[in-house]
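# Coordinate inspection notes
So you can see what is in the structure, the chains are spelled out below.
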Amino acid sequence: MSDFKTRLKEEHEQLNDRVVKLQNYIESNDHFKTLDNENQSLLIIQLSSMKTYKETLDRRISILM
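Cut-offs used in this document
Residues numbered from 1 in each chain as written. Predicted model: local features only at pLDDT ≥ 70, side-chain atom pairs only at ≥ 80, totals over all residues. Heavy atoms only, no water. Phe/Tyr/Trp six-rings, centres within 6.5 Å; stacked < 30°, edge-to-face > 60°. Buried < 20%, exposed > 50% of the residue type's maximum accessible area, 1.4 Å probe, protein only. Salt bridge = Lys/Arg side-chain N within 4 Å of Asp/Glu carboxyl O. Helix = DSSP H or I, 4+ residues; strand = E, 2+ residues; numbered from the N terminus.

### A short note on the packing of aromatic side chains
A full pass over the atoms with the stated rule returns one aromatic pair. Ring geometry for tyrosine 25 against phenylalanine 32: centres 5.9 Å apart, planes inclined by 85 degrees, an arrangement best described as edge-to-face. With a relative accessible area of 21%, tyrosine 25 lands in the partly exposed category.

### Re the pattern of salt bridges
Where side chains of opposite charge bring their charged atoms close, a pairing between them can arise. Under the defined criterion, the tally for this structure stands at three salt bridges. Across the pair aspartate 30 and lysine 33 runs a salt bridge whose closest N-O atoms are separated by 3.6 Å. Here aspartate 30 and its partner lysine 33 are both found in helix 2 (residues 30-34), three residues apart, which amounts to about one turn of the helix. Side by side, aspartate 30 and lysine 33 carry an identical accessibility label, which is exposed. Between aspartate 58 and lysine 54 there is a salt bridge, and its shortest N-O distance comes to 3.4 Å. Pair noted here: aspartate 58 and lysine 54 are both in helix 3 (residues 37-64), with a separation of four residues, about one helical turn. Look at aspartate 58 and you get partly exposed, because its relative accessible area is 30%.

Dropping the structure here:
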């Protein structure tokens, strides 16, 4: 596999791991509930953005395969 494809897949795997961790934090961590509304909202926006980024990587990888 080319270096580019390898890097793209590694980036996707790392991002996916971060998405899962942030989603678990938001959904299951009591600490999240103690954050002020602005920080909660920002983390939710961040998660949404990360998911969009992940979907973009998914599509780029599928095009290369």
